[in-house]
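# Structural overview for review
The residues making up each chain are set out below.
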Amino acid sequence: MNQQIVDLHIHSHHSRATSKDSTIEGLYYWGKIKGITVQGTGDFTHPMWFAEMQEKLEMTEEGLYRLKPEIAKEIDKTLPITVRDNQIEFVLTVEISNIYSKGGQVRKLHNCIVVPDFETASFINSKLERIGNLKADGRPILGMDSKDLLAITLESHDDSLFFPAHIWTPWFAMFGSKSGFNSIEEAFEDLAPEIKAIETGLSSDPFMNWRLNELQSRTIISNSDAHSPQKLGREATVIASNLNYLNIINAIKTNDNRLVGTIEFFPHEGKYHYDGHRSCGIRLSPEETRKVNGICPKCHNPLTVGVDYRVGEIANHPEHFKPTTHKQVEYIIPLPEILAEIEGKGVGSKTVQREYHKVISSLGNEFELLRNISLDQIREAGFVKLSEVIERLRKGDVHIEPGYDGVYGTIKLFKDDTERKSSGDQMSLL
Ligand SMILES: [Zn+2]
Ligand SMILES: [Zn+2]
């Protein structure tokens, strides 16, 4: 059975703070380079985006949407030949920002919806346009209870899917420390059983989520939440099935064997993974924070606590707990970041972009390279140093410095510059 790489949470250029390259064509182009097979459209509540999708996409027999052949053909000509034939199909998706008050507190939750067709999207749009302005933002802000949004989704179609997005983000998520809830039940009451899946977000991985009993019975999915097409597939869900809408959606709803697992960003890279004080240079793990009673050992003020600590507040199991049965978890570092480290240059630099293009053009899409292509093959194509770091990545042999109090964490494949310079063939990549 084929493995599908699924990325359901993305945004178009109609959402705030997104790239102007997040057009249908741009998403198609980068989806192929990344090696995604099923990609969300994002933003289906936005009238202009909705109209454009109706014009440029057509439904396949398998219930997915495909870019019309005459448009696809033109973009394919601009793609490296190695990724031109990749199959990529769209599903209609949106993220809603629900802001409301419940239990005497302001709640801010982001929720994603996936629907099987334009008719269902239209139905949801007609309900939501009565509540707020759908034109202002591709990710509309609506003053409605998340539970009511779930009810509308359930009413819309049996094959629609609803999932709370990036559930640990402090300010905008179901379990967020600032404006979230302490359980799914608290947020969705009698409809809680209808929450079949949750999204880890960049700030958590499945192992952090499995510490909660109520998440062990639910599907853990990952998506990129890409605000530019180059960020597609930062995280993704792997599903073993043919390319078919119902197979994908039902694998997520039932968490059966078709759901292979997720591809994850290292959560330590987040700005609020660990606890600490930036100005005091104090970084602590949740365990260490508890030992000092949440007080900074240097300035004696309360520490800024991070996502890992927040998980511990409502978890049923200790850190490093692994449920007996669990899905596959693969950690990746995006290829541009790997190349930037090898080259000792910025991710956006000309050198890194040139190398990226060179690697994709000779070896194929990014997921194939990071996950499947043999190290010999990478070496034989002339990328000796790259084969060495991909080997490290696949083994999980990385150097982690968790983020804290607004400071991004770092994940490095080389311990330091000396190790970087001495590794691999000096001729490779140069
Ligand atoms: Zn969001
Ligand atoms: Zn301090």
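Residues numbered from 1 in each chain as written. Chains lettered and ligands numbered in written order. Predicted model: local features only at pLDDT ≥ 70, side-chain atom pairs only at ≥ 80, totals over all residues. Heavy atoms only, no water.

### Overview of the overall build of the chain
Of the regular secondary structure elements, the chain holds 17 helices and 17 strands. The C-alpha radius of gyration computed for the chain amounts to 22 Å, which stays within 12% of the reference 22 Å derived for 430 residues, consistent with globular compactness. Looking at the chain residue by residue over its 430 residues, the buried ones come to 58%. In the structure as shown, the chain presents an accessible area of about 18,100 Å², 49% of it carried by carbon and sulfur atoms. (Helix = DSSP H or I, 4+ residues; strand = E, 2+ residues; numbered from the N terminus. Rg over C-alpha atoms; globule rule 2.2 N^0.38 Å. Buried < 20%, exposed > 50% of the residue type's maximum accessible area, 1.4 Å probe, protein only. Areas by Shrake-Rupley, 256 points an atom, 1.4 Å probe, with all protein chains shown as cover.)

### Quick word on the environment of Gly312
Among the structural elements, Gly312 can be located in helix H11 (residues 307-314). In sequence terms Gly312 and Arg211 are 101 residues apart; their C-alpha atoms lie 8.1 Å from each other.

### As for the nonpolar core
The tendency in soluble globular proteins is for nonpolar side chains to be buried as a group. Phe44 and Leu386 are the most contacted members of the largest nonpolar core, which totals 95 residues. Excluding its chain neighbours within four sequence positions, the residues that come into contact with Phe44 are Trp49, Phe50, Met53, Leu92, Thr93, Val94, Ile113, Val115, Ala121, Ile124 and Asn125. Leu8, Leu64, Val91 and Ala165 belong to the second largest nonpolar core, which has 20 residues in total. (Core = buried A, V, L, I, M, F, W, Y, C linked by side-chain atoms within 4.5 Å. Contact = heavy atoms within 4.5 Å.)

### A few points about the pairing of strand E5 (residues 89-102)
The element E5 is extensively covered by neighbouring structure, given that 12 of its 14 residues are classed as buried. Both E5 and strand E6 (residues 105-115) contribute to a ladder of 11 bridges, which runs antiparallel. When the sheet's bridge partners are listed, Ile96 is paired in E6 with Asn111. The hairpin turn running from E5 into E6, its antiparallel successor, is two residues long, and Gly103 in that turn takes a positive phi close to 60°. (Pairing = 2+ DSSP bridges.)

### A look at the coordination of the zinc ion (ligand 2)
Tetrahedral coordination by four donors sets the ideal angle at the metal to 109.5 degrees; octahedral coordination by six donors sets it to 90 or 180 degrees. Taken together, His277 (ND1), Cys280 (SG), Cys296 (SG) and Cys299 (SG) make up the full set of protein donors to the zinc ion (ligand 2), lying 2.1 to 2.4 Å away. Note that the zinc ion (ligand 2) binds four donor atoms; their angles at the metal cover 98 to 124°, and the shape is tetrahedral. For the zinc ion (ligand 2), the single-chain donor residues occur in sequence as H-x2-C-x15-C-x2-C. Of the two residues, Cys280 sits in the loop between strand E13 (275-277) and strand E14 (282-284) while Cys299 sits in the loop between helix H10 (286-291) and H11, which places them 19 residues apart along the sequence. With a relative accessible area of 13%, Cys280 lands in the buried category. Relative accessible area serves as the criterion here: at 29%, Cys299 is assigned to the partly exposed category. (Donors = N, O, S within 2.8 Å, 3.2 Å for Na, K, Ca; no water. Tetrahedral: all angles 85-135°; square planar, octahedral: opposite > 155°, others 65-115°.)

### A short note on the coordination of the zinc ion (ligand 1)
All of the protein donors around the zinc ion (ligand 1) are Glu95 (OE), His110 (ND1) and His166 (NE2); their distances to the metal are 2.0 to 2.3 Å. Taken in chain order, the donor set of the zinc ion (ligand 1) reads E-x14-H-x55-H. One end of the pair, Glu95, is in strand E5; the other, His166, is in the loop between strand E8 (161-164) and helix H6 (184-188), and 71 residues separate them in sequence. For the pair Glu95 and His166, a shared accessibility class is recorded, and that class is buried.

### Details of the side chain of His14
With respect to the helices and strands, the residue His14 is situated in the loop between strand E1 (3-7) and helix H1 (24-34). The class for His14 is buried, based on a relative accessible area of 14%. Ignoring sequence-local partners within four residues, the contact set of His14 consists of Asp43, His46, Met48, Trp49, Asp137 and Gly138.

### Let's talk about the pattern of salt bridges
Tallied over the full model, the rule gives 21 salt bridges. Put simply, Arg371 and Glu330 hold a salt bridge, and the shortest N to O gap is 2.8 Å. Of this pair, Arg371 sits in helix H14 (residues 366-372) while Glu330 is found in strand E15 (residues 328-331), placing the two residues 41 residues apart along the sequence. Taken individually, Arg371 and Glu330 each receive the classification buried, so the pair is uniform in this respect. Between Arg379 and Asp376 there is a salt bridge, and its shortest N-O distance comes to 2.9 Å. Here Asp376 and Arg379 lie together in helix H15 (residues 375-380), a separation of three residues that amounts to about one turn. Since its relative accessible area comes to 45%, Asp376 is described here as partly exposed. (Salt bridge = Lys/Arg side-chain N within 4 Å of Asp/Glu carboxyl O.)

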